[in-house]
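Residues per chain, in single letters:
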Amino acid sequence: MNDLSLALTQVWENAFQFWTTPSARIQAAVIGLSIFIAWISSQRAKPKILKLLQDQTRPAWIERTIRILAQLLLPLFLLLCSLLARGVLDRFGFASVDLLNPFVHATTAWLIYRLVAGLTHNRFWLRLAAVLAFGMAALQSFGLLEPTLDFLSSASFAIGKSKLSILDVVNGVFILLLLLWMSSLLGSAGETRIREL
């Protein structure tokens, strides 16, 4: 029990020491400002984009694209604001590794998830997109993405004269799933088009 209280005390002191640094405070303020600007921008732009849906002569795929774009506005504006803020902080010599870089990675994962959510409503694809996008964002935020990819590519086994790594298998499965998903989308679009005739 004494070790646990000592560990908690150490974590608390480290967190307090981190938040008292000017870099952490500036990054937190920049993240808050980015969220506010992105929210205001998306609230102003969304009605203008949805106004494009009032034209009934547009094909169904354009309407779907407009709806997906309307869903992507907030994460897109948030990603743009945070990338701009990271560039400005780097330009003036402030560190952006502690808070801003993980925020950018999480925002990118959110954007990817919202894009997949706009393209499909299948729970399997949504869960797969969430696990992959947010998992890779977490690995990148902690600096573990490259070592993980190196480990997966080095862990290989021989099949005949060639070597097959775990990364090759994962890439193959991902490409197969992507092709199956695209063929499903094209099939449903073709079926919808045939029914309209």
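Description of the structure in this document. (Residues numbered from 1 in each chain as written. Predicted model: local features only at pLDDT ≥ 70, side-chain atom pairs only at ≥ 80, totals over all residues. Heavy atoms only, no water.)

## Focus: the overall build of the chain
Okay, step 1: Along the chain, the regular secondary structure elements total 7 helices and 2 strands.
Okay, step 2: Along its sequence from the N terminus, the chain presents helices and strands in the succession α-α-α-α-α-α-β-β-α.
Okay, step 3: Over its C-alpha trace the chain gives a radius of gyration of 22 Å, far above what one expects of a compact globule, namely 16 Å for 197 residues.
Okay, step 4: Each principal axis of the C-alpha distribution contributes one length, and for the chain these read about 70 × 60 × 40 Å. (Helix = DSSP H or I, 4+ residues; strand = E, 2+ residues; numbered from the N terminus. Rg over C-alpha atoms; globule rule 2.2 N^0.38 Å.)

## Some words on the pairing of strand S1 (residues 156–159)
Okay, step 1: Relative to strand S2 (residues 162–165), S1 runs antiparallel, the two sharing 4 bridges. Along S2, the bridge assignment pairs Ser-156 with Ser-165.
Okay, step 2: Connecting the antiparallel pair S1 and S2 is a turn made up of 2 residues, with Gly-160 showing a positive phi of about 70 degrees. (Pairing = 2+ DSSP bridges.)

## Focus: the packing of helix H2 (residues 22–50) against helix H3 (residues 60–91)
Okay, step 1: Contact pair H2 / H3: the axes reach a minimum separation of 8 Å and the direction vectors enclose 150 degrees. Judged by the inter-axis angle, H2 sits roughly antiparallel to H3. In this structure, H2 meets H3 at a crossing whose hand is right-handed.
Okay, step 2: For the contact of H2 with H3, the residue count by class is 19 nonpolar, 5 polar and 1 charged. (Axes fitted to C-alpha atoms, helices over the stretch in contact; angles between N-to-C directions. Parallel < 35°, antiparallel > 145°, perpendicular 65-115°, else oblique. Left-handed = near helix turned anticlockwise from the far one by under 90°. Nonpolar A, V, L, I, M, F, W, Y, C, P; charged D, E, K, R; others polar.)

## Here's the deal with H3
Okay, step 1: For H3, which comprises 32 residues, the first-to-last C-alpha distance of 45 Å matches the rise-based estimate of 46 Å (1.5 Å per residue) to within 8%.
Okay, step 2: When the local axis directions of H3 are compared, the greatest deviation, roughly 45 degrees, occurs at Leu-73, which is followed within four positions by the proline Pro-75.
Okay, step 3: Among all positions of H3, only Ile-66, Ile-68, Ala-70, Leu-72, Leu-73, Pro-75, Leu-78, Leu-79, Cys-81, Ser-82, Ala-85 and Leu-89 are buried.
Okay, step 4: The elements touched by buried residues of H3 are H2 and helix H4 (100–119).
Okay, step 5: With its phi angle positive at about 85 degrees, Gly-93 sits one or two positions after the end of H3. (Expected span 1.5 Å × (residues − 1). Bend = angle between axes of the 7 residues up to and from the residue. Buried < 20%, exposed > 50% of the residue type's maximum accessible area, 1.4 Å probe, protein only. Contact = heavy atoms within 4.5 Å.)

## Quick look at the pattern of salt bridges
Okay, step 1: Tallying each qualifying case throughout the model produces 1 salt bridge.
Okay, step 2: Ionic pairing is found between Glu-191 and Arg-195, a salt bridge with its closest N-O pair at 2.6 Å. Placement of the pair is Glu-191 and Arg-195 together in helix H7 (residues 166–196), with a separation of 4 residues, close to one helical turn.
Okay, step 3: Residue Glu-191 is classed as partly exposed on the basis of its relative accessible area, which comes to 41%. (Salt bridge = Lys/Arg side-chain N within 4 Å of Asp/Glu carboxyl O.)

## Regarding a nonpolar patch on the surface
Okay, step 1: The grouping of Leu-132, Phe-174, Ile-175, Leu-178, Leu-179 and Met-182 at the surface amounts to a nonpolar patch, some 530 Å² of accessible area in total.
Okay, step 2: With respect to the secondary-structure elements, Phe-174 resides in helix H7.
Okay, step 3: Residue class for Phe-174 comes out partly exposed when judged on its relative accessible area of 42%. (Patch = residues over 30% accessible without salt bridge, like charges linked within 9 Å, V, L, I, M, F, W, Y side chains within 5 Å. Areas by Shrake-Rupley, 256 points an atom, 1.4 Å probe, with all protein chains shown as cover.)

## Some thoughts on the environment of Leu-152
Okay, step 1: You can see Leu-152 is positioned in helix H6 (residues 145–154).
Okay, step 2: C-alpha separation for the pair Leu-152 and Ile-40, spaced 112 residues apart in sequence, amounts to 42 Å.
Okay, step 3: Not counting residues within four places of it along the chain, the set of residues in contact with Leu-152 comprises Ser-165, Ile-166 and Leu-167.

## A word on the packing of aromatic side chains
Okay, step 1: For the structure shown, the criterion picks out 1 aromatic pair.
Okay, step 2: Between Phe-124 and Trp-125 the ring centres are 5.2 Å apart and the planes differ by 70 degrees, which places this aromatic pair in the edge-to-face class.
Okay, step 3: You can call Trp-125 buried: its relative accessible area is 15%. (Phe/Tyr/Trp six-rings, centres within 6.5 Å; stacked < 30°, edge-to-face > 60°.)

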